[in-house]
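One letter stands for each residue in the lines below.
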Amino acid sequence: MPMRKDQPSIQDRITQVNQRLKAAQFGLQIECRSQKLSLRGTFPPRPNSSRLRAHQQRLSLGLPATPAGLKQAEQQAKIVAAELIRKTFSWRDYLSLTGKRLSELSFTQQLEAFEQDFCSRLQNHPQPASGQTTWDSAYAPYLRKLGQVVQTHPQLTLVEAIYTTVRATAPNSRSRQVCCTALTALATFLNLELPIDLKTFWGRYSSSQTQTRTLPSDQQILEGFSQIPNPAWRFVYGVMATYGLRNHEVFFCDYGNLTQPRAEATIQVLGMTKTGSHEVWPFYPEWIETFNLSEVCLPAIATNLTQTTLQRIGQRVTRQFRRYGIPFSPYDLRHAWAVRTIHFGLPDTVAARMMGHSVTIHTRTYHRWIARRDQQQAVAAALSRRQALSSS
């Protein structure tokens, strides 16, 4: 129905509402942007902001620029003004797309808001790709499990559903710890009070309890290379064996130095990878020739991180290993490289830096994996050095 000429326009209505808000000294104004209403005023810094003091900002209400929407916006302005006066205003109570409080949303919408908040924080993350992998592997799976519990047990409160989801994981396992971490983060985001801290469910699991694995010998690694007919995947295999790369890192490296003499044939892992940029040296250097790594030849797979993830890229490598019948996993090449550096006497601080992780993780993980075969090699090398010194 067309508006009569004597009816005020929506902008005139907004002006009238703003006059009332000003008279009440609420310190807020309603604005119309792209046919949507928002509040403008002095708000505390957003959670991801580097600002320390309150400053002029907009709060999107997600309401249409209509008389009915304006009426709701005026009521919302009064609520927000009261929260600002009482210093109880929280950005997490409001969504930029809907303008609703988190408590007013459905469970599905709350999960979407949590993901939106997590992804917005990735913009300031030093390694955005690593953060996205964390969401995909550590948060999303357990949020889906929680969603299933909520759907199949509607009689449960959300807090009860969270505890039920945690108890469904194996006790004293890494999966339980990761589940607790993810659901604790969700509860914090929703301002949901958990009577029992989820850390009490963690149990006795620690990474030091992981099983020691049998790593492939150098001879087995050489034999595995000969099983791969495709030159591009041979390159992936060879560079992982020689430089100890993660599955996905192979596709995000600067290989410009591979044509240099062995001592200078380093590769640079780029910053968009899981642990950021770091330089790696070859162990063994002669494998550069053995695996023909100076001829850089990568498989043509999707590596645009706006369309895929580091995790999916890594999974593609694992599938190819299985396809070619390699009797060990891609990560075993990385672990074998780490143990090899120990035999070379490379300081743990240097090896850890090349692998892109902390010294604590390096020593806790790889020193436990030195098998009797490796110990025998180390003893033989030490005795050989002693004999060389005594005879000189």
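Overview of the structure. All values derive from a computational prediction rather than experimental measurement.

## Focus on the overall build of the protein
Scanning the protein from N- to C-terminus turns up 14 helices and 6 strands. Burial analysis of the protein (392 residues in total) assigns 42% to the buried set. Within the protein, contacts between residues separated by at least 24 positions form 59% of all contacts whose residues are at least 6 apart in sequence. Taken as a whole, the protein presents about 21,900 Å² of accessible surface, with 51% of it coming from carbon and sulfur.

## Topic: the side chain of T242
As for its position among the elements, T242 is in helix α8 (residues 231-243). Excluding residues within four positions of it along the chain, T242 makes contact with W281, P282, F283, Y284, W287, I288, F291, L293 and W337.

## Description of the sheet that holds strand β2 (residues 36-43)
In spatial order, the strands read β1-β2-β3; together these 3 strands make up an open sheet with antiparallel pairing. Looking at which strands have only one partner, the edges of the open sheet turn out to be β1 (28-33) and β3 (55-64). Taken over all neighbouring pairs, the strand axes of this sheet differ in orientation by 30 degrees on average, direction set aside. As paired strands, β1 and β2 are joined by 6 bridges and run antiparallel to one another.

## What to know about the nonpolar core
Burial of nonpolar side chains together is a common tendency in soluble globular proteins. Y243 and L245 are the most contacted members of the largest nonpolar core, which has 44 residues in total. Looking at which element gives the most residues to this core, the answer is α8, with 8 residues. Sequence-distant contacts of L245, that is, excluding residues within four places in its chain, are made with V239, M240, V250, C253, Y255, I267, V269, V280 and R334. In this structure, A138, Y139, L190 and L198 belong to the second largest nonpolar core, which totals 33 residues.

## Description of the packing of aromatic side chains
Aromatic ring pairs are described here by two measures, namely the spacing of the ring centres and the angle between the planes. Scanning the model with the defined rule gives 20 aromatic pairs in all. Judged by centre distance (5.4 Å) and plane angle (50 degrees), the ring pair of F43 and W91 falls under tilted. Taken as a pair, F43 in strand β2 and W91 in the loop between α2 (67-86) and α3 (107-122) lie far apart in primary sequence, 48 residues in all. On the basis of an interplanar angle of 55 degrees and a centroid distance of 5.2 Å, the ring pair of W287 and F291 is categorised as tilted. Overall, W287 belongs to the buried group, its relative accessible area being 4%.

## Some points on the environment of A336
Relative to the elements of secondary structure, A336 occurs in helix α11 (residues 330-343). Remark: the alpha-carbon pair of A336 and D218, spanning 118 residues in sequence, is separated by 8.4 Å. Dropping the residues within four chain positions of it, A336 is found in contact with L215, P216 and I221.

## Considering the sheet that holds strand β6 (residues 278-280)
Read from one edge to the other, the open sheet built from 3 strands follows the order β4-β5-β6, with strand pairing classed as antiparallel. Unpaired on one side and paired on the other, β4 (253-254) and β6 mark the two borders of the sheet. Here strand β5 (residues 267-269) pairs with β6 via 3 bridges, running antiparallel. Each bridged residue has a counterpart across the sheet, and for Q268 the counterpart in β6 is E279.

## A look at the state of the cysteines
Overall, the coordinates contain 0 disulfides when judged by the stated rule. Not engaged in a disulfide, the cysteine C179 finds its nearest cysteine sulfur in C180; these two sulfurs lie 5.7 Å apart.

## Re α2
In this model, α2 (20 residues) spans 29 Å end to end at C-alpha, consistent with the 28 Å of a helix rising 1.5 Å per residue. For α2, the set of buried residues is G69, L70, A73, E74, Q76, A77, V80, A81 and E83. As for α2, its buried residues are in contact with α1 (10-23), β1, β2 and β3. One or two steps after α2, the chain reaches K87, where phi turns positive at roughly 60 degrees.

## Points about the packing of helix α7 (residues 218-226) against α8
It is at 9 Å that the axes of α7 and α8 come closest, and there the two elements cross at 165 degrees. In terms of orientation, α7 and α8 fall into the roughly antiparallel class. In this structure, α7 crosses over α8, and the sense of that crossing is left-handed. Note on element contacts: α8 touches α7 through R234, Y237, G238 and A241, opposite Q220, I221, G224, F225 and S226. Here the contact of α7 with α8 is composed, by residue class, of 4 nonpolar, 4 polar and 1 charged.

About the cut-offs
Residues numbered from 1 in each chain as written. Predicted model: local features only at pLDDT ≥ 70, side-chain atom pairs only at ≥ 80, totals over all residues. Heavy atoms only, no water. Helix = DSSP H or I, 4+ residues; strand = E, 2+ residues; numbered from the N terminus. Buried < 20%, exposed > 50% of the residue type's maximum accessible area, 1.4 Å probe, protein only. Contact = heavy atoms within 4.5 Å. Areas by Shrake-Rupley, 256 points an atom, 1.4 Å probe, with all protein chains shown as cover. Pairing = 2+ DSSP bridges. Axes fitted to C-alpha atoms, helices over the stretch in contact; angles between N-to-C directions. Core = buried A, V, L, I, M, F, W, Y, C linked by side-chain atoms within 4.5 Å. Phe/Tyr/Trp six-rings, centres within 6.5 Å; stacked < 30°, edge-to-face > 60°. Disulfide = S-S within 2.5 Å. Expected span 1.5 Å × (residues − 1). Parallel < 35°, antiparallel > 145°, perpendicular 65-115°, else oblique. Left-handed = near helix turned anticlockwise from the far one by under 90°. Nonpolar A, V, L, I, M, F, W, Y, C, P; charged D, E, K, R; others polar.

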